[in-house]
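The chain contents come next:
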Amino acid sequence: MKPAPFDYRSPASVDETLPLLGPDSTVLAGGQSLVPLLNLRLARPELVVDVNGISELDYIRSDDGPLRIGAMTRQVTLERSELVRPRWPLLHDAIVFVGHPQIRSRGTVGGSVAHADPAAELPAALVALDARIHLRSAGGARSVAAGDFFRGALYTAREPHELLVELEVPEQPEDARSGFAEHARTHGDFATAGAAVVVAPGGHAAIALFGAGPVPARANAAERALAEGADPREAAALAAEGIDGEHRRALCAELVRRAIEEATE
Amino acid sequence: MTAELVGRPVRRREDERILRGRTRYLDDIDPPGAAHAAFVRSPFAHARIARITVPDELAGLIGVITASDLDGHARDLPVQGFEDGRVSEEGHPLLARDEVRYAGQPVAAVLAESRAVAEDAAELLEVDYEPLAPVLDARRSEDTLTHWHRVRGDVEGLFGSAAHVVRASHSLPRLAPVPMEARGAIASYDQAGDMLTVWVSAQDSHRQLAGLAAVLGRPEDSIHVIVPDVGGAFGSKGAPAPETMLVAAAAIISGRTVKWTEDREENFVASYQGRGMEADVELALDDDARILAIRARIHADLGGYLMPTTAIPAHTTAMLMCGVYDIPAADVEVVGRRTNKVPTGPYRGAGRPEAAYFLECTVDVAARRLGIDPLELRRRNLIRELPYETALGWTYDSGDYRRCLDLAEELVEPEERSDEERVVGTGFGMYVERAGGLFETAEAELLPGGGLLVRSGSSPHGQGHDTTFAQIAAERLGVALEDVELRFGDSAEVPRGVGTFASRSVAMGGSAVVQAVDALKEKCARVAARLRGTSPDEVDWRSMSLAEVAGAEPGLRASARFESELVFSSGAYGAVVEIERRTGRLRVLRLAAVDDAGTIVNPLLAEGQVIGGTAQGLGQCLVEEAAYDEEGNPTFASFVGYSLLTAAEMPPVITEFVESPSPLNPLGAKGIGEGGAIGTPAAVANAVADALGGVRVDPPFTEEKLWSALREANS
């Protein structure tokens, strides 16, 4: 279990990084997914660009309203952030389900989002929170709505020459509350399925399911029903509609119900 | 000068060294200039090998070894049989010749200057495979590798006239052993002295040594085996592995020191697995629910080849099919078939969890059919007088099965309730386990200054020998624990022993220590008597010290070889479980583990063994399954596909010991290494069936299975 040979660079800034990116390179952030993939020789890049030395991507701030999280912020930093927990509790509730403390102390928020595992918690929370993903390349910068960013299992809207630099999470409606529920075989294991929910007075409802399909997806019909006063069980059944497999459907419905109840209790 | 040490919960002396990282595992040994080996393994479950093309030059590549290179250097691994049965003699080849029979089978070995280069070269090796249809279901295999059948008593007549006949079929999937430290070996050959030295992560040195001698055709005294610190095995490092043999052959062929430490993926696909048995069990009962006879057909999924000990577990299962019950007649058959999967072998429990599961689940089916409390049915049938020879021919040496069951019931606090959210059930599983047997050795030496050095033929890989054996030795000689030093694992230093498996270390190895120390003590007494001018019986140790004896006669030593028949540990386990109605999720709310391992030398370590065993038993219940897809590809080759329990899933485990001393050894000890893994699956399975209103499901008890079973139970 040794990786195939590759070249290695460790630039000190975003500007130094961008010219190195392309179809034959891979960005090494926390390495919690990439390193096993390299060792299994499932990932075989020619160049590994290690961005762990880029301190300018390690921040959490909300000076101008929305929450801005630098891509190289360690998951544990987000978990412990006193800025995040009171105002975006869903991020905290989701991040504590990511692996084990050892993994979160190394894993980065940007890495988790760029990797786009269908069972990952953070992408689902970002989809529920209407976050935006900021990308930069040698040619410029752009941002993509989280709901459009995840394109398939381990596949995103990020182009090979782009670097994921920031997650921007908008301020949530007044008195918004959230709920998060997931199911895994064992503590810290990949989720079998899960749900992230945000509700607010005045008809705001966001429900994102993960692990149920290739990408975290909003359950639009269920959101509308919930906003119009459906009870959690009805909304949950709607959210799980169309999921393959009777047991899986029942499991997803139950997880959505728990997340809604947590948000509405 | 006696110190009461046996029976005391002494903390493990070895832990400080282990926790400080001062251990030396196989991969910590780095002989300078060693070549590193990587294996090319079959990606197919079954295929013919048409051609192997070795890569051209690659910087750092030393060479490639294929089966033909081994001609004249190594034979296939030997196969161990069992009494009164038929076992194929065809062993596992070190490298596949013209056919591969499981995905993961070694096809070639690559030697290179580093493991990374060896893996690069392994990728470049081209093997032309012609895939063949794999056989994955043991019941459908036409290739019988082992067969055993025993009938005792008028089974047919008793079934014909019985008031009740109960039939049930059960299945236990294959499990991966997953020791924390994977397998590995280093071999070095000194041509001038014709001496082969092999470091191997193994459960003992002498079975490895015998395997190397047989496979390489070398005299045993030309082989030196060193077992360093070992990070777990659970049975999987007992029998010699093809890779270890190959590493040794490669050292001889290449003239280089060769190192192989496998990665986790190799460990998953190529290390022999446990369980993989199914059984059809029938009980004949009279009107009072007394079991008159048992009939069982056991189907074992043995894999592509017989590893040296592949045949053993199913035979153990068969011999234990009467369990803790007084069943006068039995007809038990084992059919072990070839399948296109990695071979099976002994894994913690090694046939005993299967026997307990097959029998105890059938007993619960019978209780439900007869409308009688499962505990009452058990109590009516328990063996009460020991020693007791079962219908199948093993003699249980000691035990108090009724006491174990009563305690398990009391400790687990049975519960049965259902509400809108969940169903709750209680179940019990009893077991009797063969332990010990064969022989074990020890050598005791008086050190200058009066300390005691004990060399043991038994060898630890996590059990805590350094503590328990020191307790035994210190108490026998009347010295402090700190004055006893233990040595294990080096075939050039320790006496030839058997090893650590089958819950045998204390009963066999510990008893050998007792005898060696007793013999040394006698020698000391003779020296002391000479010094004081008294007879050995009259030596007053208050005025005489071992240091004086050691000074007067340096190098006093004594050795012992302790032999005994099998001893039989036993126990009763109780479990209370709850199943969520909406998801099918199973939670084990609590587990009571009552084990009778005879005299307990160290209750702290014994409890640790029980809890570790229950964790593995619960893993089997909740998540573990080494599954193959329809083409015979392993779906469990990493921790993504194969899940182990974490501390978060462990329920409270209430442990208790019943101590019925064995009459067969000086300690009165039996075995405690496997009880948790043996008793737990049966108890949890019966609790699950209780919660499901009698619907039976086999492990692992996944949400999906239980959710479907709940719907079946409710319809």
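Just so we're clear, the structure is a prediction, and the values are computed from it rather than from any experiment.

Rules behind the numbers
Residues numbered from 1 in each chain as written. Chains lettered and ligands numbered in written order. Predicted model: local features only at pLDDT ≥ 70, side-chain atom pairs only at ≥ 80, totals over all residues. Helix = DSSP H or I, 4+ residues; strand = E, 2+ residues; numbered from the N terminus. Rg over C-alpha atoms; globule rule 2.2 N^0.38 Å. Buried ≥ 20, exposed ≤ 12 C-beta atoms within 10 Å, placed from the backbone. Contact = placed C-beta atoms within 7 Å. Pairing = 2+ DSSP bridges. Axes fitted to C-alpha atoms, helices over the stretch in contact; angles between N-to-C directions. Domains from an automatic or database assignment. Core = buried A, V, L, I, M, F, W, Y, C linked by C-beta atoms within 7 Å. Nonpolar A, V, L, I, M, F, W, Y, C, P; charged D, E, K, R; others polar. Parallel < 35°, antiparallel > 145°, perpendicular 65-115°, else oblique. Left-handed = near helix turned anticlockwise from the far one by under 90°. Right-handed = clockwise from strand over helix to strand, strands pointing away. pLDDT = per-residue confidence, 0-100.

**Q** Just give me the short version of the overall build of chain B, but keep the residues and values in it.
**A** When its secondary structure is counted, chain B shows 16 helices and 26 strands. Whereas a compact globule of 715 residues would reach a radius of gyration of roughly 27 Å, chain B reaches 26 Å, a difference of no more than 12%. Dimensions of chain B along its principal axes, counting C-alpha atoms only, are 75 × 75 × 50 Å. Out of the 715 residues in chain B, the part that is buried amounts to 58%. Counted over contacts in chain B with a minimum sequence separation of 6, partners at least 24 positions apart contribute 83%.

**Q** Quick rundown of the overall build of chain A? Include the residues and the values.
**A** Each helix and strand in chain A was counted, giving twelve helices and 14 strands. Expected size for 265 residues packed as a compact globule is a radius of gyration near 18 Å; at 18 Å, chain A falls within 12% of this value. For the C-alpha atoms alone, the extent of chain A along its principal axes is close to 55 × 40 × 30 Å. Across the 265 residues that make up chain A, the buried fraction comes to 48%.

**Q** Lay out the pairing of strand β10 (residues 184–190) of chain B with the relevant residues and their values.
**A** Consecutive side chains of a regular strand alternate in pointing toward one face of the sheet and then the other. Residue and element names in this part refer to chain B. The element β10 is extensively covered by neighbouring structure, given that six of its seven residues are classed as buried. Pairing of β10 with strand β13 (residues 258–261) involves four bridges; the strand directions are antiparallel. When the sheet's bridge partners are listed, Ile-186 is paired in β13 with Lys-259.

**Q** Please give an account of the sheet that holds strand β13 (residues 204–210) of chain A that cites residues and values.
**A** All names here are of chain A. Here four strands make up an open sheet; going across it, the order is β11-β12-β13-β14 and the pairing antiparallel. Taken across any chain shown, the strands that pair with only one partner, and hence form the sheet edges, are β11 (177–184) and β14 (217–218). When strand β12 (residues 191–200) meets β13, the two strands line up antiparallel, connected through seven bridges. Across the sheet, the residue bridging to Ala-196 is Ala-208, located in β13. Set on the sheet, helix α10 (residues 220–227) makes contact with β12, β13 and β14; between it and β13 the angle comes to about 150°. Taken strand by strand, helix α12 (residues 246–264) contacts β11, β12 and β13, and its axis lies near 35° from that of β12.

**Q** Tell me about the domain arrangement of chain A, and please be specific about residues and values.
**A** What the domain assignment reports for chain A is domain 1 (7–50), domain 2 (55–169) and domain 3 (177–264). Relative placement of domain 1 of chain A and domain 3 of chain A: their C-alpha centres are 34 Å apart.

**Q** Let's hear about the nonpolar core: which residues, and what values?
**A** Counting residues in hydrophobic clusters, the biggest one holds 311 residues, and the most contacted among them are Ala-128 and Val-256 of chain A together with Val-110 and Ala-473 of chain B. With twelve residues, the single largest contributor to this core is helix α12 (residues 505–532) of chain B.

**Q** I'd like to hear about the domain arrangement of chain B, residue by residue, with values.
**A** All names here are of chain B. Domain boundaries assigned for chain B yield domain 1 (15–23 + 438–563), domain 2 (31–133 + 179–233 + 237–270) and domain 3 (349–435 + 566–714). Spacing between the C-alpha centres of domain 1 and domain 3 amounts to 37 Å. Listed per partner, the contact involves 14 residues of domain 1 and 17 residues of domain 3. Within the residue set of the side of domain 1 that touches domain 3, elements represented by two or more residues are α11 (465–477) and α12. For the side of domain 1 that touches domain 3, the element with the highest residue contribution is α12, accounting for five residues. When the residues that make up the side of domain 1 that touches domain 3 are grouped by side-chain class, the tally is five nonpolar, eight polar and one charged.

**Q** Residues and numbers for the interface of chain B and chain A, please.
**A** Across the boundary between the two partners, chain B contributes 21 residues, which contact 15 residues of chain A. The residue makeup of the side of chain B that touches chain A, split by class, is six nonpolar, five polar and ten charged.

**Q** Kindly report on the packing of α10 of chain A against helix α11 (residues 232–240) of chain A, identifying the contributing residues and their values.
**A** Residue and element names in this part refer to chain A. Between α10 and α11, whose axes approach to 7 Å, the crossing angle comes to 165°. Classified by the interaxial angle, the pair formed by α10 and α11 is roughly antiparallel. Here α10 and α11 pass one another in a crossing that is right-handed. Of α11, the residues touching α10 (which contributes Ala-221, Ala-222, Ala-225 and Leu-226) are Glu-234, Ala-235, Leu-238 and Ala-239.

**Q** Can you lay out the pairing of strand β22 (residues 484–487) of chain B for me, pointing to particular residues and giving the numbers?
**A** Residues and elements named next belong to chain B. Going residue by residue along β22, you find Val-484 and Leu-486 tucked away on one face and Glu-485 and Arg-487 left uncovered on the opposite face. Across four bridges, the pairing between strand β21 (residues 452–456) and β22 is parallel. The residue of β22 that forms the bridge with Leu-453 is Glu-485. For the crossover that starts at β21, traverses α11 and ends in the parallel β22, the hand is right-handed.

**Q** Please provide a residue-by-residue account of the environment of Pro-86 of chain A, values included.
**A** By the secondary structure assignment, Pro-86 of chain A is in helix α4 (residues 84–87). In this structure, the C-alpha to C-alpha distance between Pro-86 of chain A and Ala-206 of chain A, residues 120 residues apart in sequence, is 19 Å.

**Q** Tell me about the confidence of the model for chain B, and name the residues and values.
**A** Of the residues in chain B, 100% reach a pLDDT of 70 or more, and the chain-wide mean stands at 96. On the interface metric, ipTM, the complex scores 0.94, and its pTM is 0.96.

**Q** Could you give an account of the packing of helix α4 (residues 206–216) of chain B against helix α5 (residues 242–254) of chain B, naming the residues involved and the relevant values?
**A** Residues and elements named next belong to chain B. Across the interface, α4 lies against α5 with an axial gap of 10 Å and an inter-helix angle of 60°. As summarised for this structure, α4 and α5 are arranged oblique, according to the angle between their axes. Crossing of α4 against α5: the hand is right-handed. Judged by residue contacts, Gln-208, Gly-211, Leu-212, Val-215 and Leu-216 of α4 engage Thr-244, Met-245, Ala-248 and Ala-249 from α5. In terms of residue class, the contact of α4 with α5 is made up of six nonpolar, three polar and no charged.

**Q** Mind laying out the sheet that holds strand β1 (residues 7–9) of chain A, listing which residues take part and the relevant values?
**A** Residues and elements named next belong to chain A. One open sheet holds the three strands; their spatial order is β1-β3-β2, and the pairing between them is parallel. This sheet does not close on itself; its edge strands, each paired only once, are β1 and β2 (25–28). With strand direction ignored, the average angle separating the axes of adjacent strands in the sheet is 25°. Bridge count between β2 and strand β3 (residues 47–50): four bridges; the pairing is parallel. Looking at β3, one finds that Val-27 is bridged to Val-49.

**Q** For the environment of Ala-222 of chain A, give the residues involved together with the corresponding values.
**A** Residue and element names in this part refer to chain A. Inspection of the secondary structure assignment puts Ala-222 in helix α10. Classification of Ala-222 by C-beta neighbours within 10 Å gives buried; the count is 27. In contact with Ala-222, other than residues within four places in its own chain, are Ile-207, Ala-235, Leu-238 and Ala-239.

**Q** Report on unusual backbone geometry, specifying residues and quantitative values.
**A** Residues and elements named next belong to chain B. Across the junction of Leu-386 and Pro-387, the peptide omega takes the value 0°, indicating a cis bond. Going from Pro-699 to Pro-700, the amide bond is cis rather than trans, its omega being -5°. Mapped onto the elements, Pro-700 comes out in the loop between α15 (675–691) and α16 (703–714). The phi dihedral of Arg-275 is positive, around 60°, even though this residue is not glycine. Along the chain, the position of Arg-275 falls in strand β14 (residues 274–285). For Arg-275, a count of 27 C-beta atoms within 10 Å gives the class buried. Even without glycine at this site, Ala-289 takes up a positive phi of about 65°.

**Q** Please give an account of α4 of chain B that cites residues and values.
**A** Residues and elements named next belong to chain B. Considered for burial, the residues of α4 that qualify are His-206, Arg-207, Gln-208, Leu-209, Gly-211, Leu-212 and Val-215. Lining the buried residues of α4 we find β11 (195–200), β12 (223–226) and α5. Just beyond α4, the residue with positive phi is Gly-217, at close to 65°.

**Q** Go over α11 of chain A, please, and point to the residues and values.
**A** Along α11 of chain A, the residues classified as buried are Pro-232, Ala-235, Ala-236, Leu-238, Ala-239 and Ala-240 of chain A. Those residues of α11 of chain A hidden inside the fold are in contact with β13, α10 and α12 of chain A.

**Q** Please give an account of the environment of Phe-97 of chain A that cites residues and values.
**A** Within the fold, Phe-97 of chain A resides in the loop between α5 (89–95) and α6 (101–106). Those residues in contact with Phe-97 of chain A, other than ones at most four positions away along the chain, are Glu-121, Glu-182 and Ala-191 of chain A.

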